[in-house]
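The lines below spell out each chain.
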Amino acid sequence: MGSITLKQVTKSFDEVNVIKPLDLEIRDGEFIVFVGPSGCGKSTLLRMIAGLEDTTSGNIEIDGQDATSTPPAKRGLAMVFQSYALYPHMSVRNNIAFPLKRAKVPPAEIEEKIASAARILNLGDYLDRKPGQLSGGQRQRVAIGRAIVRQPSAFLFDEPLSNLDASLRVNMRLEISELHKSLKTTMIYVTHDQVEAMTMADRIAVFNAGVIEQVGTPLELYQYPVNRFVAGFIGSPKMNFIELDTPQEDGATCLGVRPEHIEITESGGLWQGKVGVVEHLGSETFLHVQVEGADTLTVKANGDCALRYGDDVYLGAQPNKILRFDSQGQTIANG
Amino acid sequence: MAIQSSNKSKIIYTLLAWSISAAIFFPIFWTLLTSFKTEAEAISASPSLFMFDWTLENYQDVLARSPYFEHFWNSVVISLGSSLIGLLIAIPAAWSMAFVQTKRTKNLLMWMLSTKMLPPVGVLIPIYLLFRDFDLLDTKLGLVIVMTLINLPIMVWMLYTYFREIPNEILEASRMDGASIKAEIFHVLLPIALPGIASTLLLNVILAWNEAFWTLILTAANAAPLTAFIASYSSPEGLFYAKLSAASAMAIAPILILGWFSQKQLVRGLTFGAVK
Amino acid sequence: MATTHSRTLAQFMLFPSVVLLLAWMIVPLCMTLYFSFLDYNLLSPGTEEFIGFLNYEFFLTDPAFFESFFNTLVLVGGVLLITICGGIGLAILLDQAIWGRNYVRIMVLAPFFVMPTVSALVWKNMLMNPVNGLFAHFATFIGIEPIDFFSQAPLLSIIIIVSWQWLPFAALILLTAIQSLDREQLEAADLDGAGPFSKFFYIVLPHLSRAVTAVILIETIFLLSIFAEILVTTSGGPGYESTNITYLIYTQSLLQFDVGGGSAGGIIAVIIANIVAIFLMRLIGKNLEG
Ligand SMILES: Nc1ncnc2c1ncn2[C@@H]1O[C@H](COP(=O)(O)OP(=O)(O)O)[C@@H](O)[C@H]1O
Ligand SMILES: [Mg+2]
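Residues take numbers from 1 onward in each chain, read along the sequence in its written order. The naming scheme follows written order: chains are lettered A onward, ligands numbered 1 onward. Totals for whole chains, interfaces and linings use all residues, but because this is a predicted model, local features are given only for residues with pLDDT of at least 70 and pairs of side-chain atoms are given and counted only at 80 or more. Calculated side-chain values reflect all of the structure's heavy atoms, with hydrogen atoms and water omitted.

Chemist: I'd like a description of the overall build of chain C, backed by residues and values.
Modeler: Strands here are runs of E lasting at least two residues and helices are runs of H or I lasting at least four, both read from the DSSP assignment and numbered beginning at the N terminus. Regarding its fold elements, chain C presents 13 helices and two strands. Every radius of gyration here is taken over C-alpha atoms, with the globule rule written as 2.2 Å times N^0.38, N being the number of residues. In terms of overall dimensions, chain C is more spread out than a globule: its C-alpha atoms have a radius of gyration of 24 Å, far above the 19 Å expected for 290 residues. A principal-axis box enclosing the C-alpha atoms of chain C has dimensions of 75 × 75 × 30 Å. Residue burial in chain C is summarised as follows: out of 290 residues, 57% are buried. The criterion used for residue contact is that any of the two residues' heavy atoms lie within 4.5 Å. Partitioning the intrachain contacts of chain C with sequence separation of at least 6 by distance along the chain shows that 69% fall at a separation of at least 24. Entry remark: accessible area of chain C is about 12600 Å², with carbon and sulfur atoms responsible for 70%. Across chain C, the mean location of the 9 positive side-chain charges is 17 Å away from that of the 19 negative side-chain charges. For the exposure calls, accessible area comes from a 1.4 Å probe over protein chains only, and a residue counts as buried if that area is under 20% of its type's maximum, exposed if over 50%, partly exposed in between. Using the Shrake-Rupley algorithm and a 1.4 Å probe, accessible areas are obtained, with residue cover drawn only from the displayed protein chains. Charged residues are defined here as Lys and Arg on the positive side and Asp and Glu on the negative side; His and the ends of the chain fall outside this count. Positions of charges follow a simple convention, taking NZ of Lys, CZ of Arg, CG of Asp or CD of Glu.

Chemist: Quick one: what's the story with the interface of chain C and chain B, residue by residue and with numbers?
Modeler: Across the boundary between the two partners, chain C contributes 105 residues, which contact 111 residues of chain B. Computed with a 1.4 Å rolling probe, the buried area is the accessible surface lost when two parts are put together, summed over both parts. Buried surface at the junction of chain C and chain B, summed over both partners, amounts to about 9500 Å²; 79% is from carbon and sulfur atoms. Among the residues of chain C in contact with chain B, Trp24, Trp99 and Phe113 of chain C are the three that bury the most area, contributing 9% of the side total. A carboxyl oxygen of Asp or Glu within 4 Å of a side-chain nitrogen of Lys or Arg is what we treat as a salt bridge. For the pair chain C and chain B, the interface holds zero salt bridges. Of all the elements, helix H1 (residues 4-35) of chain C adds the most residues to the side of chain C that touches chain B, at 20 residues. Residues are grouped as follows: Ala, Val, Leu, Ile, Met, Phe, Trp, Tyr, Cys and Pro are nonpolar; Asp, Glu, Lys and Arg are charged; all remaining types, including Gly, are polar. A breakdown of the residues in the side of chain C that touches chain B according to their chemical character gives 76 nonpolar, 20 polar and nine charged.

Chemist: Go over the pattern of salt bridges, please, and point to the residues and values.
Modeler: Evaluated as defined, the whole model comprises 18 salt bridges over all chains. The partner of Arg47 of chain A in a salt bridge is Glu53 of chain A, and the shortest N-O contact between them spans 3.2 Å. For Glu53 of chain A, a relative accessible area of 5% puts it in the buried group. Salt-bridge contacts for Arg175 of chain B lead to Glu184 of chain B; the nearest nitrogen and oxygen are separated by 3.0 Å.

Chemist: Account for the packing of helix H4 (residues 68-99) of chain B against helix H9 (residues 181-210) of chain B, with residues named and values stated.
Modeler: Residue and element names in this part refer to chain B. Axis definition: a line fitted to C-alpha atoms, limited for helices to the stretch in contact. Angles are taken between N-to-C directions and run from 0 to 180 degrees. For the pair H4 and H9, the least separation of the axes is 8 Å and the interaxial angle reads 140°. With respect to H9, the axis of H4 lies oblique. The hand of the H4/H9 crossing is right-handed. Contact residues: H4 offers Phe72, Ser75, Val76, Ser79, Leu80, Ser82, Ser83, Leu84, Leu87, Ile91, Trp95 and Phe99, while H9 offers Ile181, Glu184, Ile185, Leu189, Leu190, Ile197, Thr200, Leu201, Asn204, Val205, Ala208 and Trp209. For this classification, under 35 degrees means roughly parallel, over 145 means roughly antiparallel, 65 to 115 means roughly perpendicular, and everything else is oblique. If you view the pair so one helix is near and one far, a crossing is left-handed when the near helix is turned anticlockwise from the far one by less than a right angle, and right-handed when it is turned clockwise.

Chemist: How would you explain the packing of aromatic side chains if you had to name every residue and give the values?
Modeler: Only Phe, Tyr and Trp rings take part, Trp by its six-membered ring, and two of them pair if their centres are within 6.5 Å. Stacked means planes under 30 degrees apart, edge-to-face means over 60, and tilted covers everything else. In this structure the tally under the stated criterion is 42 aromatic pairs over all chains. Between Phe229 of chain A and Phe233 of chain A, the aromatic rings sit 5.8 Å apart at their centres with planes inclined by 15°, giving stacked as the arrangement. Of this pair, Phe229 of chain A and Phe233 of chain A both sit in helix H8 (residues 228-233), four residues apart, which is roughly one turn of the helix. Assessed through its relative accessible area of 24%, Phe229 of chain A is described here as partly exposed. By the ring-pair criterion, three or more aromatic residues cluster together here, those being Phe213 and Trp214 of chain B together with Trp24, Phe227, Tyr247 and Tyr250 of chain C. It is Arg102 of chain A that lies over the ring of Phe98 of chain A; its NZ or CZ is 4.7 Å from the centre. It is Arg228 of chain A that lies over the ring of Phe241 of chain A; its NZ or CZ is 4.6 Å from the centre. Consider the ring centre and the ring normal. A charge sits over the ring if Lys NZ or Arg CZ is within 6 Å of that centre and within 35 degrees of that normal.

Chemist: Requested: an account of the UniProt feature "transmembrane region" (unreviewed entry) in chain C, with residues and values cited.
Modeler: Residues and elements named next belong to chain C. Residues annotated in UniProt with the feature "transmembrane region" (unreviewed entry) correspond here to residues 12-37, 69-94, 106-123, 155-178, 211-232 and 264-284. Counted over residues 69-94, helix gives 100% and strand 0%. Its end C-alpha atoms are 36 Å apart. Helix makes up 100% of residues 155-178 and strand makes up 0%, while its end C-alpha atoms are separated by 32 Å. UniProt positions are given in the numbering used here, feature names are shortened, and annotations may be inferred rather than shown by experiment.

Chemist: Could you give an account of the interface of chain A and chain C, with specific residues and numbers?
Modeler: Note on interface size: it is often stated as the accessible area lost on association of the parts. On the chain C side, the residues contacting the six residues of chain A number five residues. Summed over both sides, the interface between chain A and chain C buries roughly 360 Å², with carbon and sulfur atoms accounting for 33% of that surface. At the junction of chain A and chain C, the tally comes to one salt bridge. Ionic pairing is found between Asp54 of chain A and Arg7 of chain C, a salt bridge with its closest N-O pair at 3.7 Å. Polar contact is the term for a pair of N or O atoms within 3.5 Å; when the atoms are in protein, one must be able to donate a hydrogen and the other to accept it, and sequence-neighboring residues count only if both atoms are side-chain atoms. There are zero residue pairs in polar contact (both at pLDDT 80 or more) connecting chain A and chain C. Of the residues in the side of chain A that touches chain C, the class split is two nonpolar, one polar and three charged.

Chemist: So what about the environment of Tyr309 of chain A? Which residues, and what values?
Modeler: Residue and element names in this part refer to chain A. Along the polypeptide, Tyr309 turns up in the loop between strand S16 (296-302) and strand S17 (312-317). Put simply, Tyr309 and Leu174 are 135 residues apart on the chain and 38 Å apart in space, counted from C-alpha to C-alpha. Among all residues touching Tyr309, those that are not within four sequence positions of it are Val275, Gly276, Val277 and Val278.

Chemist: Residues and numbers for empty space enclosed by the protein, please.
Modeler: A cavity here means a set of 1 Å grid points, computed over protein atoms only, where a 1.4 Å probe fits but cannot escape. A pocket is an open set with protein on both sides within 12 Å along at least 5 of 7 lines, and lining residues have an atom within 4 Å of a point. Grid points are joined across faces, edges and corners, and a volume is the space filled by probe spheres set on the points. The tally for this structure, following the rule as stated, stands at six cavities of 30 Å³ or more. If you go around the largest cavity, you meet 39 residues; those closest to its centre are Glu211 and Ala212 of chain B together with Trp166, Phe222 and Ser225 of chain C. Residue assignment for the lining of the largest cavity shows that the elements contributing at least two residues are helix H7 (140-164) and H9 of chain B together with H1, helix H8 (154-179), helix H10 (196-223) and helix H11 (228-233) of chain C. With five residues, the single largest contributor to the lining of the largest cavity is H7 of chain B. For the lining of the largest cavity, a count of residues per class yields 31 nonpolar, five polar and three charged. Within this model, the second largest cavity holds a volume of roughly 110 Å³. Every residue lining the second largest cavity is listed: Pro119 and Val121 of chain B together with Phe69, Thr72, Leu224, Ser225, Ile245, Thr246, Ala269, Ile272 and Ala273 of chain C. Of all the elements in the fold, those that place two or more residues in the lining of the second largest cavity are helix H3 (63-95), helix H12 (245-255) and helix H13 (259-289) of chain C. Per-element tally for the lining of the second largest cavity: the top contributor is H13 of chain C, with three residues. When the residues that make up the lining of the second largest cavity are grouped by side-chain class, the tally is eight nonpolar, three polar and no charged.

Chemist: Can you break down helix H12 (residues 241-261) of chain B residue by residue, with the values?
Modeler: Here the expected span of a helix is defined as 1.5 Å times the quantity of residues minus one. For H12 of chain B, built from 21 residues, the straight-helix expectation of 30 Å at 1.5 Å per residue is met to within 8% by its first-to-last C-alpha distance of 29 Å. Maximal helix bending in H12 of chain B amounts to about 40°, located at Ile252 of chain B; proline Pro254 of chain B follows within four positions. Here the bend at a residue means the angle between the axes of two seven-residue stretches, the one that ends at it and the one that starts at it.

Chemist: Mind laying out the site of ligand 1, listing which residues take part and the relevant values?
Modeler: Residue proximity to a molecule or strand is established when one non-hydrogen atom of the residue lies within 4 Å of it. Among the 10 residues in the neighbourhood of ligand 1, the closest are listed as Gly39, Gly41, Lys42, Ser43 and Thr44 of chain A. Each of chains A and C places residues near ligand 1. Between ligand 1 and Gly41 of chain A, the relevant distance is 3.0 Å, taken from an oxygen atom to a main-chain nitrogen or oxygen of the residue. One of the side-chain N or O atoms of Ser43 of chain A is found 2.6 Å from an oxygen atom in ligand 1. Protein contact buries 58% of the 560 Å² of open area that ligand 1 shows by itself. Top contributing element to the shell around ligand 1 by residue count: helix H1 (residues 42-50) of chain A, with three residues. In terms of residue class, the shell around ligand 1 is built from four nonpolar, five polar and one charged.

Chemist: With reference to specific residues and values, describe the UniProt feature "domain: ABC transmembrane type-1" (unreviewed entry) in chain C.
Modeler: Sites flagged by UniProt as "domain: ABC transmembrane type-1" (unreviewed entry) map to residues 69-280 of chain C. Secondary structure across residues 69-280 of chain C comprises 77% helix and 0% strand; the distance between its end C-alpha atoms is 19 Å.

Chemist: Just give me the short version of the packing of helix H1 (residues 7-34) of chain B against helix H4 (residues 101-109) of chain C, but keep the residues and values in it.
Modeler: Close contact between H1 of chain B and H4 of chain C brings their axes to 8 Å; oriented N to C, the two are set at 30°. Taken together, H1 of chain B and H4 of chain C sit at an angle that is classed as roughly parallel. In this structure, the crossing between H1 of chain B and H4 of chain C has a hand that is left-handed. Packed against H1 of chain B, whose contacting residues are Ala17, Trp18, Ser21, Ala22, Ile24 and Phe25 of chain B, the element H4 of chain C presents Tyr103, Val104, Met107 and Val108 of chain C at the interface. Of the residues assigned to the contact of H1 of chain B with H4 of chain C, the class counts are nine nonpolar, one polar and no charged.

Chemist: Quick rundown of the domain arrangement of chain A? Include the residues and the values.
Modeler: Residue and element names in this part refer to chain A. Entries for chain A in the domain assignment read domain 1 (4-231) and domain 2 (238-325). Placing the centre of domain 1 and that of domain 2 at their C-alpha centroids yields a distance of 38 Å. In this complex, domain 1 contributes seven residues to the contact, which on the side of domain 2 involves nine residues. Summed over both partners, the interface of domain 1 with domain 2 buries about 650 Å², with 53% contributed by carbon and sulfur atoms. If you sort the residues of domain 1 by the area they bury against domain 2, Tyr222, Arg228 and Ala231 come out on top, with a joint share of 85%. The interface formed by domain 1 and domain 2 includes one salt bridge. With its nearest N and O atoms 3.0 Å apart, the salt bridge here joins Glu243 to Arg228. At three residues, helix H7 (residues 218-223) tops the list of elements feeding residues into the side of domain 1 that touches domain 2. Its residues assigned to classes, the side of domain 1 that touches domain 2 shows four nonpolar, two polar and one charged. The split of the chain into domains comes from an automatic or database domain assignment.

Take a look at the structure:
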């Protein structure tokens, strides 16, 4: 229970078209991530699914039922907001109990569910505090607790981790993934951070200016991006793009190669250049190489790479690791 | 501006501030003091600060001469009644404007504020005649109606600025949690906005308590609140300062105390959120 | 922002306020407008007849109108000037590190809570009375002739009383505004070698402009219809020296029972208030929106 189908949905604010006609099938139990630069309409689409925004045209179906104009309270979905949106005047216990009380669940059962949510999310010690007395990570857990107790048919997350500091973010990422594994409930997760998308998603939908550019598993997107936007957005550090002065015979006007696919050779590679800034991360090293006749290329090397600023290097790459894009930015299939 | 004032400048500023504020407070202080004097002492050409025969006579006289408690009760009913009714009408309106903003919201707010600029004399005669024809002259009900209407724009404005500070996401969260609109307002919005609602109520009670145009014009013996009661002391000249002081003290004490306790909350509401 | 459902609901919830305010504004205002074209006196009911603009002609050519119009402007302007200048001074003073700031603030704030009839009576009798008032005692004490405030300077006396009532309001609001001033700005100005005057004019004053606008707006609303203070002190006199428009219309309609004339005056007061309102709305529109 928890499949959501979007059919030709659009959204306009006044005259501005924020979501272009869009189709998407979200399967029961999957973890789907909406990723894209900020302002591209991810939150808007999520809020349309939630029922917090009207759908300008098209249909939203939840479990096969048309829910386009169902009010949010009746959709059976739960949402975790970026700001957590906890009720500041209620204790943690009452925050979590709130949806259950609205659903007129008997008090004994409410107690039981709060206890189990507290156990899952390690909230036992904080149940009687107010949200204002909690840290960001704890608030996030309460927000998730409030969402899970009512056993929704799907969870909606809108950038839930972006207010947390980096290390906490990694922990919460794992916790949410684990939660998904144990609950097996559909989760729709919005983020602008492609690392979150890659690490958490069963499937990723890449958004750009109100359209979905590509939907697929993380590896599909990494290996077979359909266009230059997806290729550039997925992967860290970003893919290198090399503009060609003259189009190749297959029409390619631009080449793309990921930093981790560039090899450093002693002599005679595809490109020749001078090493610029060298970033040592310990496990790996990123080199920014100024290539003759091209821009700077980012190269990922071993952690013990000894190259230094100003060194001359030759760079190469396996031909099957080089993507080619036509003048429209579409990927040209490997022939 | 006082980052590292030396002790010397602190002394100077303290003296200055205390003398100015004492001067501002003096008329009230003097009234309180005079209310405990005999009439002879009250007009004495060389008034004494504390060395006089303290007496409660004036308070007894005022209570004997006029039904103070009736006027007091009228003031309470009029100010509290109009403020509570005003809240009932203003809260839904402020909710709408704060959380369901449209292009018209700003204009609507400005229009509401502009009704506050309608001079009372512009509607004086019709209101007077309508009140006469509907037997509302000199009734508490009539004044409650008028006070509610003249303070409604201020209430909507104040509540609007308080509601605006509540993130919309919290209300949306409650909707996602299955709350009906009633539950959203009663379990989420109102408890969160309670401090703001309380100070709105308070300020309007104070404004209505002190309102002295409609109360003077529309009341006579029956519904006269304290403002009108005090105005009745304006006719006989001289020789009654102590009683006037006692009556004044009794008229202003309730609201003075209420105001002092709530001064912090009052400021923001008063400026319609212009000053944080 | 929201769904159709919540928008419909919102309209529904706005309805009572809007309808009530409309009714409160439109119905009586139309009646006033209608009366203003009638020869209508409460003392001779049943003899109303349409007389066109005659009421307006009488009202506008009455020297009392000009005097009270002028008095209204002086009253509003004078009180605004005193309360804003005094308020800024007080606010800056109260912002300093001083002992017992809370007590000082409570004392400064007190007059705001005093009802107009009380403050007018207290000032009139106990302070400004030429025989038994405290000021008179003081004048005699230092050997000068006591001033008879309400016959020698009636309008000024009323300005003083009203300013006393509104000074706390201005001071409190401006104090709050000053306290929200970013201290780092002042420290930076200190480092740049700015003196107290340039700090005041280039940092403090611009920072206060929003608050000053708010004070002007709110005070003007109330000051345009000052009534009780005049009623219990001078009753508008001597002559019309302390009559403002509000008081003039009151005497005309409820003391002389001339409904027609009073209504014409009421309409003129509305027009004046509208002119002021448009001016003020421009001002806030610019200053409060941001
Ligand atoms: N209530 C609104 N009114 C008008 N425009 C809006 C509204 N909400 C969002 N937008 C616009 O819609 C676009 C998409 O916003 P959003 O969905 O929040 O982006 P994302 O979540 O991907 O960062 C943005 O350009 C934003 O300015
Ligand atoms: Mg967003």
